[in-house]
Amino acid sequence: MKKHAIKVLAIVSQLNRGGLESRLMDIIRNLDFSRVQMDIYTYRMDAGLLDEEAKSYGCKIYYNKPLTVKNMFEYVHYFAAFLKKHPEYKIVHAHQDAWCTVFCKGAKLAGVPVRIAHSRTSIASVSIENFAKNIIKIPAKKYATHYFAVSDHAGEWLFGKGNVKRGKVEVWPNAIECKKYELNGERRKQKREELGIEDKLVILHVGNFTPYKNHEKVVRVFYEVCKKRKDAVLILVGKECTPNARALAKELHLTKRIKFLGVREDINELLWAADIFLFPSIFEGMPGAVIEAQAAGLPCLVSDAVTKQIKITPLVTLLSLKLSDKRWAKELLDIQKMGRSNQLEVMRQKGFDVEILVERLTKFYENATKDERD
């Protein structure tokens, strides 16, 4: 007798081109929907940029009222009521870090047997917003049946060091479509021509302009690089949430040497066009942008505040944020000398190819619901 596909409800705020959503879309693109039917619950009423593509693979997308700190207690029951109307979902996979508490508790009230809390970050900075998240996250351990994390660092943040040490937290790498990022020399040349950077030293940063991405550090380090290299240009890719980086670029007279490209769909080609990848984040779980840069064979200078597990290949150099901008600039120019190298086989062996991850995830879903389906 043929078994029906397992129905999984994945939770995200909205399917846009952020790191989390990009990794989830990589999974959806490679998922066998005859084995796993993955649908998406969003807590936004408007559509995301990736919704139509997700639907083309077979996903249903549910749009719901926004979740906030003010309505979080009521939202538990709102989500439980949703699940009671959809008893077909035996797995709820919450990708929303601190908000996993809300969705796992709601799923428990609705009687969903498999409740996954998936940690994708490791908040270290001090702010009112982050203080709230550090409080909200605490009960997630109580209501989740399975603890997932993109790295040990991310796992410790949501589930505690003890659970990581005891092996209760499963690490699921932020796997990508490795083949998509393998260097194409001809397209590298064409992209550099399109951007007018044929004869330049190209430094690239990819990430939405949020405080923890540390864009002001990126600009200040670039300022120091410019003192040494008159041919240097900086490319910034991501949604501009704050004007700080532009204001600093103007103050340092770097406007003509920095390209603000906004949200892009051609990240792989921009990685090919670049010479160095700069990523001084204040905290991260397992940044997909650095994984993509390594798949593209690009030397990377990364903050050591990011999990050390990001050093998948020899292309990554970790550096302390306590060091001066001048020291960062020196290190950046030093690693540029190593040149590019193909590291795809290393990444596949370490589980960062999405094809390998999807098969592993599918088997997990099948085993977790075996009793329900027998």
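Higher on the page you've got the structure.
Just so it is clear, the model here is predicted, and its values are computed rather than measured. (Residues numbered from 1 in each chain as written. Predicted model: local features only at pLDDT ≥ 70, side-chain atom pairs only at ≥ 80, totals over all residues. Heavy atoms only, no water.)

### A word on the pattern of salt bridges
Okay, step 1: Evaluation of the coordinates by the stated rule reveals 30 salt bridges.
Okay, step 2: Note that Arg-229 is salt-bridged to Asp-231, the shortest N-O span being 2.9 Å.
Okay, step 3: With its nearest N and O atoms 3.6 Å apart, the salt bridge here joins Arg-327 to Glu-331. Placement of the pair is Arg-327 and Glu-331 together in helix 15 (residues 325–336), with a separation of four residues, close to one helical turn. (Salt bridge = Lys/Arg side-chain N within 4 Å of Asp/Glu carboxyl O. Helix = DSSP H or I, 4+ residues; strand = E, 2+ residues; numbered from the N terminus.)

### Topic: the sheet that holds strand 5 (residues 114–119)
Okay, step 1: A sheet is described by the order of its strands in space; here seven strands give the open sequence 3-2-1-4-5-6-7, paired in parallel fashion. Only two strands of the sheet have a single partner each, and these edge strands are strand 3 (61–63) and strand 7 (169–171). Neighbour-to-neighbour, the strand axes of the sheet open up by a mean angle of 25°, direction not taken into account.
Okay, step 2: Along the sheet, helix 1 (residues 19–30) makes contact with strand 1 (6–12) and strand 2 (36–42), crossing strand 2 at roughly 155°.
Okay, step 3: Sheet strands in contact with helix 7 (residues 152–159) are strand 5, strand 6 (146–149) and strand 7, and its direction is about 115° off that of strand 5. (Pairing = 2+ DSSP bridges. Axes fitted to C-alpha atoms, helices over the stretch in contact; angles between N-to-C directions. Contact = heavy atoms within 4.5 Å.)

### Some points on the packing of aromatic side chains
Okay, step 1: Here the structure, examined in full by the defined rule, presents 18 aromatic pairs.
Okay, step 2: For the pair Phe-79 and Phe-82, a centre-to-centre distance of 6.3 Å together with 5° between the ring planes defines the contact as stacked. Taken together, the residues span about one helical turn, with Phe-79 and Phe-82 both in helix 3 (residues 72–85) at a distance of three residues. Comparing Phe-79 with Phe-82, the two get one shared label, buried.
Okay, step 3: Three or more aromatic residues link up through ring pairs in this structure, and these residues are Tyr-41, Tyr-43, Tyr-62, Tyr-75, Tyr-78, Phe-79, Phe-82, Tyr-89 and Phe-103.
Okay, step 4: Lying across the ring of Phe-260, Arg-246 places its NZ or CZ 4.2 Å from the centre.
Okay, step 5: Here Arg-360 stacks its cationic end above the ring of Trp-172, 3.7 Å away from the centre of that ring. (Phe/Tyr/Trp six-rings, centres within 6.5 Å; stacked < 30°, edge-to-face > 60°. Buried < 20%, exposed > 50% of the residue type's maximum accessible area, 1.4 Å probe, protein only. Lys NZ or Arg CZ within 6 Å of the ring centre and 35° of its normal.)

### Focus: the pairing of strand 9 (residues 232–237)
Okay, step 1: Counting buried positions along strand 9 yields six of six residues, so the element is predominantly enclosed.
Okay, step 2: Across the two faces of strand 9 the burial is the same, with Ala-232, Leu-234 and Leu-236 and Val-233, Ile-235 and Val-237 all buried.
Okay, step 3: Between strand 8 (residues 201–206) and its parallel partner strand 9, the chain crosses via helix 11 (residues 215–228), and the hand of that crossover is right-handed.
Okay, step 4: Here strand 9 pairs with strand 10 (residues 258–262) via four bridges, running parallel. (Right-handed = clockwise from strand over helix to strand, strands pointing away.)

### Things to note about the pairing of strand 12 (residues 300–303)
Okay, step 1: Covered by surrounding structure in strand 12 are Cys-300 and Val-302 together with Leu-301 and Ser-303, the residues of both alternating faces.
Okay, step 2: Chirality of the crossover, the property in question, places the unit of strand 11 (residues 276–279), helix 14 (residues 288–295) and strand 12 among those that are right-handed.
Okay, step 3: As paired strands, strand 12 and strand 13 (residues 316–319) are joined by four bridges and run parallel to one another. Bridge pairing in strand 13 places Ser-303 opposite Leu-319.

### A word on the nonpolar core
Okay, step 1: In this structure, Leu-9, Ile-11, Phe-79, Phe-103, Leu-271 and Phe-277 are the most contacted members of the largest nonpolar core, which totals 72 residues.
Okay, step 2: Among the elements that line this core, the one with the most residues is helix 3, at six residues.
Okay, step 3: The residues contacting Leu-271, other than those within four sequence positions of it, are Tyr-181, Leu-204, Phe-277, Glu-292, Ala-293, Ala-296, Leu-298 and Arg-340. (Core = buried A, V, L, I, M, F, W, Y, C linked by side-chain atoms within 4.5 Å.)

### Brief notes about unusual backbone geometry
Okay, step 1: The phi torsion at Asn-214 lies on the positive side, around 65°, for a residue other than glycine.
Okay, step 2: Looking at where Asn-214 falls in the secondary structure, it is placed in the loop between strand 8 and helix 11.

### With respect to helix 15
Okay, step 1: Here helix 15 is twelve residues long and its end C-alpha atoms lie 17 Å apart, about the 16 Å a rise of 1.5 Å per residue gives.
Okay, step 2: For helix 15, the complete set of buried residues consists of Asp-325, Trp-328, Ala-329, Glu-331, Leu-332, Leu-333 and Ile-335.
Okay, step 3: Where the residues of helix 15 are buried, they touch strand 8, helix 11, strand 11, strand 12 and strand 13. (Expected span 1.5 Å × (residues − 1).)

### A look at the environment of Glu-240
Okay, step 1: With respect to the secondary-structure elements, Glu-240 resides in the loop between strand 9 and helix 12 (244–251).
Okay, step 2: With relative accessibility at 32%, the residue Glu-240 sits in the partly exposed group.
Okay, step 3: Between the C-alpha atoms of Glu-240 and Leu-261, which are 21 residues apart in sequence, the distance is 9.6 Å.
Okay, step 4: In terms of polar contacts, Glu-240 uses its side chain to reach the side chain of Arg-246, at 2.9 Å. (Polar contact = N/O pair within 3.5 Å; in protein donor to acceptor, adjacent residues only side chain to side chain.)

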